[in-house]
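Chain residues, written in single-letter form:
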Amino acid sequence: MNSIGKNIRIYRRMRKWRQEDLAEKTGLSTNYIGMVERGEKIPALETFISIVNALGVSADMILADVLDTGYVVKNSLLAEKLDKLSKEDRDKIYDVIDTMIKHSTKVKP
């Protein structure tokens, strides 16, 4: 469950917010935000919704690492990042991914 807090921290930092900024926008204490980000506390549903809404992200983006279907979200986020690259850079990355898949020991049918 540490990944929930880690993802909250990532999206907070993407907005260039301090913990104090997120705390202010959610009505929570800075200490509580810190505990959530460190994985010491798991927010209640209402609190989680407040945090997600303040960050302007979807819940599945925060929960991507703990959901069985989280890779769908990760693939979508990766596709967005790849779209911003040049064709040459995308091709290089796809070549690396193809190589890694070829050498993977656990490929699903």
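Residues numbered from 1 in each chain as written. Predicted model: local features only at pLDDT ≥ 70, side-chain atom pairs only at ≥ 80, totals over all residues. Heavy atoms only, no water.

1. A word on a nonpolar patch on the surface
Thought 1: Taken together, the side chains of Leu78, Leu85, Ile93, Tyr94, Ile97 and Ile101 define a hydrophobic patch exposed on the protein surface, amounting to about 460 Å² of accessible area.
Thought 2: It is helix H7 (residues 87-102) that provides the largest number of residues to the nonpolar patch, a total of four residues.
Thought 3: Mapped onto the elements of the fold, isoleucine 93 is located in helix H7.
Thought 4: A residue is classified by how much of its surface remains accessible, and isoleucine 93, at 31% relative accessible area, is partly exposed. (Patch = residues over 30% accessible without salt bridge, like charges linked within 9 Å, V, L, I, M, F, W, Y side chains within 5 Å. Areas by Shrake-Rupley, 256 points an atom, 1.4 Å probe, with all protein chains shown as cover. Salt bridge = Lys/Arg side-chain N within 4 Å of Asp/Glu carboxyl O. Helix = DSSP H or I, 4+ residues; strand = E, 2+ residues; numbered from the N terminus. Buried < 20%, exposed > 50% of the residue type's maximum accessible area, 1.4 Å probe, protein only.)

2. Structural notes on the environment of leucine 22
Thought 1: For leucine 22, the position within the fold is in helix H2 (residues 19-26).
Thought 2: The spatial distance from the C-alpha of leucine 22 to the C-alpha of leucine 67 is 24 Å, given a sequence separation of 45 residues.

3. Thoughts on the pattern of salt bridges
Any two side chains of opposite charge can pair if their charged atoms end up close together.
Thought 1: A full pass over the atoms with the stated rule returns five salt bridges.
Thought 2: Here arginine 12 makes a salt bridge to glutamate 37, at a shortest N to O gap of 2.6 Å. Here arginine 12, found in helix H1 (residues 2-14), pairs with glutamate 37, found in helix H3 (residues 30-37); they are 25 residues apart in sequence, far enough to count as distant.

4. Digging into the side chain of arginine 12
Thought 1: Relative accessible area serves as the criterion here: at 6%, arginine 12 is assigned to the buried category.
Thought 2: Excluding residues within four positions of it along the chain, arginine 12 makes contact with Trp17, Arg18, Gln19, Leu22, Glu37 and Leu55. (Contact = heavy atoms within 4.5 Å.)

5. Observations regarding H2
Thought 1: Taken together, the buried positions of H2 are occupied by Gln19, Leu22, Ala23 and Thr26. Along the axis of H2, the buried residues cluster in a sector spanning 100 degrees; they form a single face. Of the exposed residues in H2, the ones pointing more than 90 degrees away from its buried face are Glu24 and Lys25.
Thought 2: In this structure, the buried residues of H2 make contact with H1, H3 and helix H4 (45-55).
Thought 3: Within two residues after H2, glycine 27 carries a phi angle of roughly 75 degrees, on the positive side. (Arc of directions from axis to C-beta.)

6. With respect to the packing of H1 against H4
Two measures define how a pair of helices packs: the angle their axes make with one another and the distance between the axes.
Thought 1: One way to put it is that H1 packs onto H4 with a least axis distance of 10 Å and a crossing angle of 25 degrees. Between H1 and H4, the angle is such that the two are roughly parallel. At the point where H1 passes H4, the crossing takes the left-handed sense. Note on element contacts: H4 touches H1 through Phe48, Ile51 and Leu55, opposite Ile4, Ile8, Tyr11 and Arg12.
Thought 2: Here the residues of the contact of H1 with H4 are counted per class, giving six nonpolar, no polar and one charged. (Axes fitted to C-alpha atoms, helices over the stretch in contact; angles between N-to-C directions. Parallel < 35°, antiparallel > 145°, perpendicular 65-115°, else oblique. Left-handed = near helix turned anticlockwise from the far one by under 90°. Nonpolar A, V, L, I, M, F, W, Y, C, P; charged D, E, K, R; others polar.)

Purely geometric numbers; function is a separate question.
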